[in-house]
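Single-letter residue listing:
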Amino acid sequence: MSTTDRTSDPDAPERTDGAEDAPGSTDGAEGAGEACSPGRVGRPRASDADGLLAEQLLRLTRRLHRIQKRHLEPVGITPAQSRLLRTVAAFGGPPRMADLAARLEVVPRAVTSLVDGLEAAGRVRRAPDPDNRRVIRIELTDAGRATLRELRSARRAAAEDILAPLTAEQREVLGGLLTALVDPGPEGGR
């Protein structure tokens, strides 16, 4: 997520991995415009092609964020709150705030503000840990479970919007490529 996207979504969690996109940054894609310059002869250099690809991925990420946000508005939830709610549901039992921060790769204060918003809407509740009352766990409420069902529909609609131009075969290829990028394995994970 770029700085611009975090600015437009005040609920977006702050990342702790040091990743920071400067406004207009292409993540090392300097010269990306050269790869598609009209007067250029021959094939683009590999670095130009990679820069262009990086820029396209950033633009796609921003577009996906805008589409997802539009589909989540009727549910009354931000993308960051949606991600937190789905993360709470993915745990075997009610997680601690620190567990959520670690899983989401954000600072704990970002989780606190997201939980505050979801709790105010009645979607989660804070509950003391039965074994250690100093520890607070986050539980889904019935309203939170209902919101998760709405979110699944909203996410499907957002995915259909973004993937509409692609055939079923192209979607399958894209899925494989994205899996390779998201989970590169031990060699690519550096």
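Residues numbered from 1 in each chain as written. Predicted model: local features only at pLDDT ≥ 70, side-chain atom pairs only at ≥ 80, totals over all residues. Heavy atoms only, no water.

> Even after reading the chapter, I still don't get the overall build of the chain, so can you show me in this structure?
Assigned secondary structure in the chain consists of eight helices and two strands. Each helix (α) and strand (β) of the chain, taken in turn from the N terminus, gives the series α-α-α-α-α-β-β-α-α-α. When each of the 190 residues of the chain is scored for burial, the buried share is 32%. Across the chain, contacts joining residues at least 24 apart in sequence account for 52% of those joining residues at least 6 apart. Roughly 12,000 Å² of accessible area belongs to the chain as shown, and the carbon and sulfur atoms make up 54% of that amount. (Helix = DSSP H or I, 4+ residues; strand = E, 2+ residues; numbered from the N terminus. Buried < 20%, exposed > 50% of the residue type's maximum accessible area, 1.4 Å probe, protein only. Contact = heavy atoms within 4.5 Å. Areas by Shrake-Rupley, 256 points an atom, 1.4 Å probe, with all protein chains shown as cover.)

> Is there a simple way to explain the environment of Ile77 in this structure?
Along the chain, the position of Ile77 falls in the loop between helix H2 (46-72) and helix H3 (79-90). The buried category is assigned to Ile77, whose relative accessible area is 5%. Separated by 70 residues in the primary sequence, Ile77 and Thr147 place their C-alpha atoms 8.8 Å from one another. Apart from the residues lying within four places of it in its own chain, the contact partners of Ile77 are Leu72, Ser82, Leu85, Leu118, Arg123, Thr147 and Leu151.

> Hey, could you run me through the nonpolar core in this one?
Proteins that are soluble and globular tend to have nonpolar side chains buried together. If you look at the biggest cluster of nonpolar residues, it comprises 25 residues, and the most contacted ones within it are Leu84, Leu85 and Val111. Mapped by element, the contributors of at least two residues to this core are H3, helix H4 (97-104), helix H5 (108-120), strand S2 (136-140) and helix H6 (142-163). Considering each element in turn, this core owes the most residues, five residues, to H5. The contacts of Leu85, once residues within four sequence positions are left out, are Ile77, Leu118, Arg123, Val124, Leu140, Gly144, Thr147, Leu148 and Leu151. (Core = buried A, V, L, I, M, F, W, Y, C linked by side-chain atoms within 4.5 Å.)

> What am I meant to see in the pattern of salt bridges here?
Opposite charge on two side chains permits pairing when their charged atoms draw close. Tallying each qualifying case throughout the model produces eight salt bridges. Residues Asp116 and Arg126 are paired through a salt bridge, measuring 2.7 Å at the closest nitrogen-oxygen approach. With Asp116 in helix H5 and Arg126 in strand S1 (residues 124-128), this pair connects stretches of sequence that are 10 residues apart. Taking the shortest distance from any N to any O, the salt bridge between Arg137 and Asp129 comes out at 2.5 Å. Judged by relative accessible area, Asp129 falls into the buried class, the value being 7%. (Salt bridge = Lys/Arg side-chain N within 4 Å of Asp/Glu carboxyl O.)

> I keep staring at H4 and nothing clicks. Help me out?
One turn of the α-helix equals 3.6 residues, which is why residues spaced by three or four share an orientation. Every buried residue belonging to H4 is among Met97, Leu100, Ala101 and Leu104, and all of these are buried. Taken around the axis of H4, the buried residues stretch over an arc of 100°, which confines them to a single face. Looking at the buried residues of H4, the elements they touch are H3, H5, S1 and S2. (Arc of directions from axis to C-beta.)

> Explanation requested: the packing of H3 against H5 in the structure shown.
In helix packing, the relevant descriptors are the interaxial angle and the interaxial distance, both defined with respect to the helix axes. Contact geometry of H3 with H5 gives a least axis separation of 10 Å together with a crossing angle of 90°. Accordingly, the angle class assigned to the pair H3 and H5 is roughly perpendicular. In contact with Ala80, Gln81, Leu84 and Leu85 of H3, H5 contributes Val111, Leu114, Val115, Gly117 and Leu118. When its residues are assigned to classes, the contact of H3 with H5 shows seven nonpolar, two polar and no charged. (Axes fitted to C-alpha atoms, helices over the stretch in contact; angles between N-to-C directions. Parallel < 35°, antiparallel > 145°, perpendicular 65-115°, else oblique. Nonpolar A, V, L, I, M, F, W, Y, C, P; charged D, E, K, R; others polar.)

> Would you mind showing me how to read a nonpolar patch on the surface here?
Nonpolar side chains collect at one region of the surface, where Leu53, Leu57, Leu60, Leu178, Leu181 and Val182 lie side by side and expose about 560 Å² of accessible area between them. At the level of secondary structure, the elements contributing two or more residues to the nonpolar patch comprise H2 and helix H7 (168-182). When you line up the elements, Leu178 lands in helix H7. (Patch = residues over 30% accessible without salt bridge, like charges linked within 9 Å, V, L, I, M, F, W, Y side chains within 5 Å.)

> I tried to follow the environment of Leu64 on my own but got confused; where do I start?
Positionally, Leu64 belongs in helix H2. In this structure, the C-alpha to C-alpha distance between Leu64 and Asp161, residues 97 residues apart in sequence, is 9.1 Å.

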